[in-house]
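What follows is each chain in one-letter form.
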Amino acid sequence: MQGRFNLVNIRIKKIIAFLTISVCGSYAFAAGPYWDVKAATWTTGAYLSYPVAMKGVRPWADVRAYGAVGDGTGDDRAAIQATINAIDAAGGGMVFIPAGTYPIANTLFVSSGISFIGAGMGHTRIVASTSIAGSVSMIQVRQINGTPYSSAAQGDNVEIADFTIECSSMPAGDGAGIDAFEINNLKIRNVHVKDSRGYGIHVGGTSYAVSPKMVNPLVEKCVLTNCGRNAGADSIAGGHHYGSKYLFNTCIEPNGTCIDNVNVIGALWEGNISTKTTAGTNEGSIWSDWGMTRSKIVNNSIQHGTIHVFGFLGEPSDKGAPSDVLIQGNHLENASSSAILVGPANQVSTDTRKMEGIRIIGNDIEGCREDGIVITDSTGTIIANNQINNWGTTDSTTKAIRLTGGPNTSFGNRKAIISGNYGYSSYATKWYAEDSSAQTNDNTIYGNRFPSHTMSLDATAPYSVFMGIGDSDSLVRIGTVPAFAVDVRQNRVGINTASPSFDLDVTGTARVTGATTLATVSA
């Protein structure tokens, strides 16, 4: 009985020890006992435990127990990799890198089931040693021996968090900060990548033509500074995945786009910030190529960059035109080309697919070199409640909103609703245009306010319907023909029965050209 009591008492003490924790950021410190992977036994002492919400006990190891020093000298790569290997052999768990500076001269491989956790940005620093090759990525999510995962044998459940990666010592080459390949449920949080030669963070599947794609990658609250020094590589790159969430990341002085992923489905890219001191060629932009579907780009702030969503027609169906994409609540300042552009790229005349379900709502565009919003070959687009100021800073022929067609002349922009948009530009004269004859018609344009700016509509049937709003009067056009005018203050209405001039006078007798008639009704 006494023996049983002592055994129960020991177990209770262990449980109490695990529950006696003090929160520190996302993780918690606890007093043992805990499972020591290296010694393969229970031991005691202070150690960094798991996220507070996590249930159960996972193997845990501190890289210092395997010989890592963290004093900024030598090469800590072998010791850190030995720690990862031990946790991998135990079936997965946490590798902890305490505060310090850890030089590495080659890639670290982080495998499935590993949580690779530091003590916080700026506190734990993994730095490229002066002997590292420029083409070597600092961290790769792969099998322990460096073999990539594949769509036939994907990795799963990797977390990388809470440290800084410094790549400034890399020589010329295209080495990335973090390169993750075919990993489901990948989480990269609170990581600062500085001065990468290639991508800052790369999250990718195998190919647009391969199934299944990787699923649920998360990149959250990361900072990417001066990334892509070689040939303007992207700060956050990749693609061929479902359900990506890129949330509240910051790109500082990017040399390529802030985010550029290809062939994505079900993405949410929200709250990201891109800052650039001087304008370049789309640096800091948020782009998606090769077909984005069922996705949202919302509440991002971009300085000198753009938001462009391209398709890739003439290719397999999963690499086709964008569809069901919401672009909402973004702030773009001094965009380096057209601020928001959605369209199929590389289109040929035999293509039979087009975009649909594109919604561009409530964005704030404050200056752009070319058009404010451009849509190519789409049906049922909604462009609503956007503020667009000072478009066309380098090209006075551009528009706040422009619809255009493509090589397949049976396609175009039709059934669009353009409503509630407003703004002003001192650089351009037109605010709206339907550019491609017989391809940009049958749209509805109403309730927009662009004082002193003109517009042009497609002159082919079925005609677009325009209902304009000015300071004192409204004008309705069907195609290029004025059809109805009203002056509320003068209580007069003009109705077109044929083809009058564009100069409808609703403050007096309506003027017409030819032998047409116009009814003037006074209230």
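It should be noted that the structure appears before, not after, this text.
This section reports on the structure supplied with the text. The residue count restarts for each chain, going from 1 along the sequence in the order it is written. Selection of residues for local features in this predicted model requires a pLDDT of at least 70, selection of side-chain atom pairs for listing and counting requires 80 or more, and totals for whole chains, interfaces and linings are taken over all residues. Values reported for side chains reflect all heavy atoms of the structure, with hydrogen atoms and water molecules removed beforehand.

1. What about the overall build of the chain?
And then number 1: From N to C terminus, the chain includes two helices and 47 strands.
And then number 2: For each residue, the accessible area found with a 1.4 Å probe, counting protein chains only, is set against the maximum for its type, and the residue is called buried under 20%, exposed over 50%, and partly exposed in between. Looking at the chain as a whole, 54% of its 523 residues are labelled buried.
And then number 3: Within the chain, counting contacts between residues at least 6 apart in sequence, those at least 24 apart form 65% of the total.
And then number 4: Element-wise, carbon and sulfur atoms account for 53% of the exposed surface of the chain, whose accessible area totals about 20900 Å². In this text, helices come from DSSP runs of H or I with a minimum length of four residues, and strands from runs of E with a minimum of two, each type numbered from the N-terminal end. Should any heavy atoms of two residues lie within 4.5 Å, those residues are considered in contact. Only the protein chains shown count as covering a residue, and every accessible area follows the Shrake-Rupley method with a 1.4 Å probe.

2. Brief notes about unusual backbone geometry
And then number 1: Residue proline 462 follows alanine 461 across a cis peptide bond; omega there is -5 degrees.
And then number 2: Relative to the elements of secondary structure, proline 462 occurs in the loop between strand E42 (454-456) and strand E43 (465-467).
And then number 3: Backbone geometry places alanine 231, a non-glycine residue, at a positive phi of 60 degrees.
And then number 4: Of note, alanine 231 is situated in the loop between strand E19 (223-225) and strand E20 (236-242).
And then number 5: Owing to a relative accessible area of 77%, alanine 231 belongs among the exposed residues under this scheme.

3. Some remarks on the nonpolar core
And then number 1: Counting residues in each nonpolar core, the largest one holds 90 residues, and the members touching the most others are Phe116, Ile160, Ile188 and Trp431.
And then number 2: Apart from the residues within four sequence positions on either side, tryptophan 431 is in contact with Trp391, Lys399, Ala400, Ile401, Ile445, Asn448, Phe450, His453, Thr454, Met455 and Phe466.
And then number 3: Here, nonpolar core refers to any group of buried Ala, Val, Leu, Ile, Met, Phe, Trp, Tyr and Cys residues whose side-chain atoms link them within 4.5 Å. If you look at the next biggest cluster of nonpolar residues, it comprises five residues, including Met94, Phe96, Ile117 and Ala161.

4. What to know about the state of the cysteines
And then number 1: Pairs of cysteine sulfur atoms within 2.5 Å are identified as disulfides in what follows. Tallied over the full model, the rule gives one disulfide.
And then number 2: Sulfur-sulfur distance for the disulfide between cysteine 251 and cysteine 258 comes to 2.2 Å. The sign of the 70 degrees torsion about the S-S bond sets the cysteine 251-cysteine 258 disulfide as right-handed. Residues cysteine 251 and cysteine 258 agree in their burial class; the two are buried.
And then number 3: The thiol sulfur of cysteine 227 is not disulfide-bonded, and the nearest other cysteine sulfur, from cysteine 167, lies at 6.9 Å.
And then number 4: Residue classification places cysteine 227 among the buried residues on the basis of a relative accessible area of 0%.

5. Regarding helix H2 (residues 77-89)
And then number 1: Relative to the 18 Å expected for 13 residues at 1.5 Å per residue, H2 spans 18 Å between its end C-alpha atoms, a close match to the ideal helical length.
And then number 2: Among the residues of H2, Arg77, Ala79, Ile80, Gln81, Thr83, Ile84, Ala86 and Ile87 are the ones counted as buried.
And then number 3: Once H2 finishes, glycine 91 follows within two positions and takes phi at roughly 95 degrees, a positive value. Helix span, expected: 1.5 Å multiplied by one less than the number of residues in the helix.

6. Re the pattern of salt bridges
And then number 1: Any Lys or Arg side-chain nitrogen found within 4 Å of a carboxyl oxygen on Asp or Glu counts as a salt bridge. If you walk through the whole model with that rule in mind, you get eight salt bridges.
And then number 2: Between arginine 402 and aspartate 435 there is a salt bridge, with the nearest N and O atoms lying 2.9 Å from each other. Residue arginine 402 is located in strand E38 (residues 401-404), and its partner aspartate 435 is located in the loop between strand E40 (430-434) and strand E41 (444-446); the two are separated by 33 residues in the primary sequence.
And then number 3: Shared partners join several salt bridges into a network, and the residues in it are Glu159, Arg189 and Glu220.

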